[in-house]
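Given next are the chains, with one letter for each unit.
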Amino acid sequence: MAEIVIKAEDISFSYESDHPADQIPVLNHLNLEIEKGSFVAVLGHNGSGKSTMAKLFNLILTPTSGNLYLFGKKFDEETVTEDEFFALRQRIGMVFQNPDNQLVATIVEEDVAFGPENLGVPPAEIRERVDAALEIVGMKEFARHSPHQLSGGQKQRIAIAGIIALRPDIIIFDESTAMLDPRGRSDVLATIEKLNREFGTTILHITHYMEEAIRADRVIVIDSGSILLDGTPAEVFSNVRTLKSVGLDVPQVTELLLEIREDGFNLPKNVLSYEEGARAIADYLNQKKGRSSR
Amino acid sequence: MLKDITLGQYFPGNSLLHKLDPRMKLLLAICYIVLIFLAKSAPAYALILLFTVLIVAVSGVSFGVVLRSLKPLFFVLIFTTLINVFWSNGTTVLWTWGPFAITREGLIRAVTMAIRIVLLMASTSVILMYTTSPISLTDGIERLLSPLAKIGVPVHTFAMMMTMALRFIPTLLEETQKIINAQKARGADFDSGNLIDKAKALIPILIPLLISQFRRAEELATAMECRCYRGGGGRTRMTVLRFALRDFFAALAVAALLAGIILLNLYFPALL
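Calculation notes
Residues numbered from 1 in each chain as written. Chains lettered and ligands numbered in written order. Predicted model: local features only at pLDDT ≥ 70, side-chain atom pairs only at ≥ 80, totals over all residues. Heavy atoms only, no water. Helix = DSSP H or I, 4+ residues; strand = E, 2+ residues; numbered from the N terminus. Buried < 20%, exposed > 50% of the residue type's maximum accessible area, 1.4 Å probe, protein only. Contact = heavy atoms within 4.5 Å. Rg over C-alpha atoms; globule rule 2.2 N^0.38 Å. Lys, Arg positive; Asp, Glu negative; His and termini not counted. Charge placed at Lys NZ, Arg CZ, Asp CG, Glu CD. Domains from an automatic or database assignment. Salt bridge = Lys/Arg side-chain N within 4 Å of Asp/Glu carboxyl O. Polar contact = N/O pair within 3.5 Å; in protein donor to acceptor, adjacent residues only side chain to side chain. Expected span 1.5 Å × (residues − 1). Buried area = accessible area lost by both parts, 1.4 Å probe. Nonpolar A, V, L, I, M, F, W, Y, C, P; charged D, E, K, R; others polar. Core = buried A, V, L, I, M, F, W, Y, C linked by side-chain atoms within 4.5 Å. Axes fitted to C-alpha atoms, helices over the stretch in contact; angles between N-to-C directions. Parallel < 35°, antiparallel > 145°, perpendicular 65-115°, else oblique.

**Describing the overall build of chain A**
Each helix and strand in chain A was counted, giving eleven helices and ten strands. In terms of its C-alpha atoms, chain A occupies a principal-axis envelope of roughly 75 × 50 × 40 Å. Within the span of chain A, comprising 294 residues, buried residues form 52% of the whole. Here the analysis covers contacts within chain A between residues at least 6 apart in sequence; of these, 63% occur between residues at least 24 apart.

Listed below in structure tokens is the structure:
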């Protein structure tokens with residue numbers, strides 16, 4: 001079994017408030033393990049606690065109770081030194097929703113260099129990392145451009161390059177595709193998949209697009225601060241009723257097949273794509289024809 | 001409409017002036033300003049004028065652009081000229097009318113002042129604005145001032161603030177335009193009424209803009225923290241500035257100009 005890079009043990013979190021009575025827990029006794037090299041999609045409607053969870057893993061927030069293990073070591077806010085803290089943060093990158101609010105420099109390559117510069121990497125190596133990162137996201141020819149000349153999807157890829165240049169083991173995407181047009185979304189998603197497949201980066205992709213979640217190895221559904229469903233995309237999306245009850249959509253084809261199934265036809269529950277759906281129906285009809293002609 | 005505002009006045013290019021180290025350019029621009037005020041005699045002014053024309057020619061920026069950059073100076077020029085003409089104390093009175101008197105000294109002072117302002121504006125804008133990108137300018141300022149960090153001046157913080165301000169000007173303009181459009185769509189009227197009405201009409205633009213900027217600042221701070229930003233200490237830079245041979249030649253040229261002006265001031269009578 002692969003190494004566990006993030007382990008949440010009975011984690012609860014609530015935002016501080018002046019009135020203890022209105023402290024509603026955002027995360028509620030959450031337990032989770034993320035394996036090294038996996039591509040995990042996190043689904044949940046607004047306010048389910050999915051972004052808060054990401055911020056805990058990235059050490060922006062600290063849990064109110066429970067234990068967080070990063071790379072096999074328990075994270076303890078009291079004893080961690082500043083250098084250890086930044087070393088952990090460097091290993092867990094995070095890309096946010098609005099690309100504009102992540103870029104700090106007026107020139108693309110200067111922005112990508114920002115992270116390594118903060119780490120105190122020698123200049124020649126920064127150059128190398130920046131070129132490599134821009135190559136991975138396919139934005140090399142825009143190195144000398146200014147961010148405001150780029151489209152949303154391109155800016156988001158620059159933001160990803162800025163994280164790649166830190167050489168993290170895990171990258172958390174916090175609804176990084178939500179503000180983009182379809183073209184930008186598919187470019188960003190292709191970049192995410194490339195990072196996972198080719199470079200073995202562990203990916204935690206927070207989204208509310210079903211089509212994106214389907215492409216992950218594992219899907220986690222979060223509702224009211226705890227995990228509702230956890231499994232492969234096919235397993236998770238076969239729970240159409242549960243997903244609908246927490247305000248999430250399921251792929252249309254999965255839902256269609258489920259409805260037909262409920263009318264007494266024996267069709268599979270875990271169909272995700274249109275091709276699979278069409279094949280399942282065709283198989284069913286052929287089978288039936290074979291049986292009736294016999 | 002707001003999007004068309006250009007950031008700074010940088011003209012990308014490959015001239016000698018573009019390639020100079022920004023630190024050297026900053027230092028030379030300061031020297032140049034001093035030089036302009038050192039000139040006393042007519043030939044000294046002529047030499048500076050010649051040198052300025054040379055700088056413009058080397059930079060590859062067209063003379064038309066430089067002349068156009070002087071346009072906002074028009075009123076300043078007229079104002080200082082008038083003040084110098086009418087309020088200078090001189091002995092050789094040329095013309096009087098009531099309390100006003102035009103003297104020879106006043107006239108000369110007005111003309112030399114105007115020439116100084118024009119030279120000052122033309123040279124510094126060519127050296128620092130047209131041929132230096134805003135980012136290398138801030139970079140140059142940060143590195144020139146870095147010794148001050150030892151006595152506790154937050155040089156890095158100021159440079160970071162400047163870079164980010166430059167980065168967010170276009171974003172801010174875009175957002176302002178969006179808010180203007182949104183308010184117009186709801187029937188807001190920005191164009192009619194007197195000045196006070198127009199100023200009041202700006203409130204529904206400024207408040208949403210302010211709020212969104214606070215939100216943006218918070219998100220940006222989080223994103224910077226995620227990229228391991230912890231202030232200037234222990235940071236390295238990707239681009240390392242190094243003085244090249246051309247920087248020393250540029251310094252030499254300005255030093256020669258300084259020597260020339262001092263000599264011309266000695267051999268020719270001062271205008272005043």
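After presenting the structure, the write-up continues.
**Side note on the overall build of chain B**
If you tally the helices and strands in chain B, you get eleven helices and two strands. Ordered by position in the sequence, the α and β elements of chain B form the string α-α-α-α-α-β-β-α-α-α-α-α-α. Relative to a compact globule of 272 residues, whose C-alpha radius of gyration would be 19 Å, chain B shows 24 Å and is clearly more extended. Overall size of chain B, expressed as C-alpha extent along the three principal axes, is 65 × 55 × 40 Å. A burial count over chain B gives 38% of its 272 residues as buried. Here the analysis covers contacts within chain B between residues at least 6 apart in sequence; of these, 74% occur between residues at least 24 apart. Here chain B carries 26 positive and 14 negative side-chain charges, and the mean point of each set is 8 Å from the other.

**A word on the domain arrangement of chain B**
Residue and element names in this part refer to chain B. When the domains of chain B are assigned, the result is domain 1 (2-145 + 241-267) and domain 2 (154-226). Between the C-alpha centres of domain 1 and domain 2 there is a distance of 34 Å. Contact with domain 1, which involves ten residues of that partner, is made by 13 residues of domain 2. Linking domain 1 with domain 2 are zero salt bridges. Applying the counting criterion to the domain 1 and domain 2 interface returns one residue pair in polar contact (both at pLDDT 80 or more).

**Here's the deal with the pattern of salt bridges**
Where side chains of opposite charge bring their charged atoms close, a pairing between them can arise. The tally for this structure, following the rule as stated, stands at 30 salt bridges over all chains. Arg-230 of chain B serves as the salt-bridge partner of Glu-82 of chain A, at 3.2 Å between the closest nitrogen and oxygen. Here Glu-82 of chain A is found in helix α2 (residues 82-91), whereas its partner Arg-230 of chain B is found in the loop between α10 (203-226) and α11 (245-267) on a different chain. Residue class for Glu-82 of chain A comes out partly exposed when judged on its relative accessible area of 49%. With a closest N to O distance of 3.9 Å, Arg-197 of chain A and Asp-217 of chain A form a salt bridge. Of the two residues, Arg-197 of chain A sits in helix α6 (residues 182-199) while Asp-217 of chain A sits in the loop between α7 (210-214) and β9 (218-223), which places them 20 residues apart along the sequence.

**Examining helix α2 (residues 22-38) of chain B**
Residue and element names in this part refer to chain B. In a regular helix each residue adds 1.5 Å, so 17 residues correspond to 24 Å; α2 covers 24 Å between its end C-alpha atoms and thus fits that length. Listed in full, the buried residues belonging to α2 are Pro-22, Arg-23, Met-24, Lys-25, Leu-26, Leu-28, Ala-29, Tyr-32, Leu-35 and Ile-36. Contacts made by the buried residues of α2 are with α1 (16-19), α3 (42-59), α6 (104-130), α7 (134-145) and α11. Where α2 begins, the side chain of Asp-21 points an oxygen toward the backbone nitrogen of Arg-23, at a separation of 2.8 Å.

**Quick look at the interface of chain A and chain B**
With 40 residues of chain A at the interface, the matching set in chain B holds 28 residues. Of the roughly 3100 Å² buried at the junction of chain A and chain B (both faces included), carbon and sulfur atoms supply 57%. The interface formed by chain A and chain B holds seven salt bridges in total. Along the contact surface separating chain A from chain B lie 16 residue pairs in polar contact (both at pLDDT 80 or more). Of all the secondary structure elements, the ones that give two or more residues to the side of chain A that touches chain B are α2, α3 (108-119), α4 (123-136) and α5 (152-164) of chain A. If one sorts the elements of the side of chain A that touches chain B by residue count, α3 of chain A sits on top with eleven residues. When its residues are assigned to classes, the side of chain A that touches chain B shows 20 nonpolar, eleven polar and nine charged.

**Observations regarding the nonpolar core**
Counting residues in each nonpolar core, the largest one holds 88 residues, and the members touching the most others are Phe-57, Leu-134, Ile-172 and Phe-237 of chain A. The element contributing the most residues to this core is α5 of chain A, with six residues. Counting 29 residues, the second-largest nonpolar core is a separate cluster that includes Tyr-32, Leu-35, Phe-51 and Ile-127 of chain B.

**Structural notes on the environment of Phe-75 of chain B**
Its location among the elements puts Phe-75 of chain B in helix α5 (residues 74-87). C-alpha of Phe-75 of chain B to C-alpha of Thr-176 of chain B: the two residues are 101 residues apart in sequence and 30 Å apart in space.

**Digging into the packing of α2 of chain B against α11 of chain B**
Residues and elements named next belong to chain B. In contact at an axis separation of 11 Å, α2 and α11 are set at 10° when each is read in the N-to-C sense. With respect to each other, α2 and α11 are oriented roughly parallel. The segment α2 lies against α11, with Met-24, Leu-28, Cys-31, Tyr-32, Leu-35 and Leu-38 engaging Asp-247, Ala-250, Ala-251, Val-254, Leu-257, Leu-258, Ile-261 and Asn-265. Looking at the contact of α2 with α11 residue by residue, the class counts come to twelve nonpolar, one polar and one charged.

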